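This is what each chain is made of:
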Amino acid sequence: MTAVVDGHCDSLLPVLGRSLVPGESAPRDFLARGSAAGGKGHVDLPRLLSGGVACQAMALFCDDPFVRSGAARATDELLAALAGLFEASGGVFFPFGSTAAAERAAREGRVAALLAIEGGEALEGGRERLRGWRTRGLRMLGLTWNRRNELCRGVR
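Residues numbered from 1 in each chain as written. Predicted model: local features only at pLDDT ≥ 70, side-chain atom pairs only at ≥ 80, totals over all residues. Heavy atoms only, no water.

### Describing the environment of Glu-118
With respect to the helices and strands, Glu-118 occurs in strand β4 (residues 111-118). When its relative accessible area of 14% is taken as the criterion, Glu-118 is described as buried. For Glu-118 and Trp-145, which are 27 residues apart along the polypeptide, the C-alpha to C-alpha distance reads 5.8 Å. Other than its neighbours up to four places away in sequence, Glu-118 contacts His-8, Asp-10, Ala-59, Leu-60, Phe-61, Gly-142 and Trp-145. Separated by 2.6 Å, the side chains of Glu-118 and His-8 make a polar contact. (Helix = DSSP H or I, 4+ residues; strand = E, 2+ residues; numbered from the N terminus. Buried < 20%, exposed > 50% of the residue type's maximum accessible area, 1.4 Å probe, protein only. Contact = heavy atoms within 4.5 Å. Polar contact = N/O pair within 3.5 Å; in protein donor to acceptor, adjacent residues only side chain to side chain.)

### So, the nonpolar core
Counting residues in hydrophobic clusters, the biggest one holds 26 residues, and the most contacted among them are Phe-30, Met-58, Leu-60, Leu-82, Phe-93, Leu-115 and Trp-133. Taken together, the elements giving at least two residues each to this core come down to α1 (12-15), α2 (45-50), β2 (53-60), α4 (71-88) and β4. Considering each element in turn, this core owes the most residues, six residues, to α4. For Leu-82, the residues in contact, after removing those within four places along its chain, are Leu-12, Met-58, Leu-60, Phe-93 and Leu-115. (Core = buried A, V, L, I, M, F, W, Y, C linked by side-chain atoms within 4.5 Å.)

### Overview of unusual backbone geometry
For Glu-124, which is not a glycine, the phi torsion comes out positive at approximately 50°. Of note, Glu-124 is situated in the loop between β4 and α6 (128-135).

### Describing the packing of aromatic side chains
What the rule picks out here adds up to two aromatic pairs. Ring geometry for Phe-30 and Phe-93: centres 5.0 Å apart, planes at 45°, overall tilted. A residue pair is termed long-range when its members are at least 10 positions apart, and Phe-30 in the loop between α1 and α2 and Phe-93 in strand β3 (residues 93-95) qualify at 63 residues. Relative accessible area serves as the criterion here: at 2%, Phe-30 is assigned to the buried category. Taken together, a centroid distance of 5.2 Å and an interplanar angle of 50° make the contact between Phe-86 and Phe-93 tilted. The class of Phe-93 is buried, set by a relative accessible area of 1%. (Phe/Tyr/Trp six-rings, centres within 6.5 Å; stacked < 30°, edge-to-face > 60°.)

### With respect to α4
In a regular helix each residue adds 1.5 Å, so 18 residues correspond to 26 Å; α4 covers 26 Å between its end C-alpha atoms and thus fits that length. For α4, the complete set of buried residues consists of Ala-71, Ala-72, Ala-74, Thr-75, Leu-78, Leu-79, Ala-81, Leu-82, Leu-85 and Phe-86. Remark: Gly-90 follows α4 within two positions and exhibits a positive phi of approximately 65°. (Expected span 1.5 Å × (residues − 1).)

### A short note on the confidence of the model for the protein
Overall, the prediction assigns the protein a mean pLDDT of 86, with 92% of residues at 70 or greater. No element of the protein has a lower mean pLDDT than helix α3 (residues 64-68), which averages 68, and none a higher one than β3, which averages 96. (pLDDT = per-residue confidence, 0-100.)

### Quick notes on the side chain of Gln-56
Following the sequence through the fold, Gln-56 ends up in strand β2. Owing to a relative accessible area of 0%, Gln-56 belongs among the buried residues under this scheme. Those residues in contact with Gln-56 that lie beyond four places of it in its chain are Asp-6, His-8, Cys-9, Val-43, Leu-48, Val-111, Ala-112, Ala-113 and Leu-114.

Printed below as a string of structure tokens:
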């Protein structure tokens, strides 16, 4: 069976009420279809299910104000929000562990979440956090996004 995989979405910041969309400040309900103003917004679980997406990469992105106050702490908050979504979904949305998880999700009409950090600044200069984040579901780390960090330069 072929599993549909979406390689990126920015749905976690709005779940925490930190949307980058001008005028959107209230937390968005990821488990409800189109809960943003006017039914617009980033991906939500009902849309993923209706689209047949078996694996969704969930971007763990720290915007500038949160990087200055602690990117690792902000990443931990995003991981905690995801854990809450996994629990609240009753297992319909669950952490990606392997390609077999995405294949199983496709067969069962569920969605595996591939956790992906955007930007090495979340490491705050050290690798020691990676092992703990991996046990919480992290499977991908982009060395940079927009800003410069200890690992490399971004596009800004």
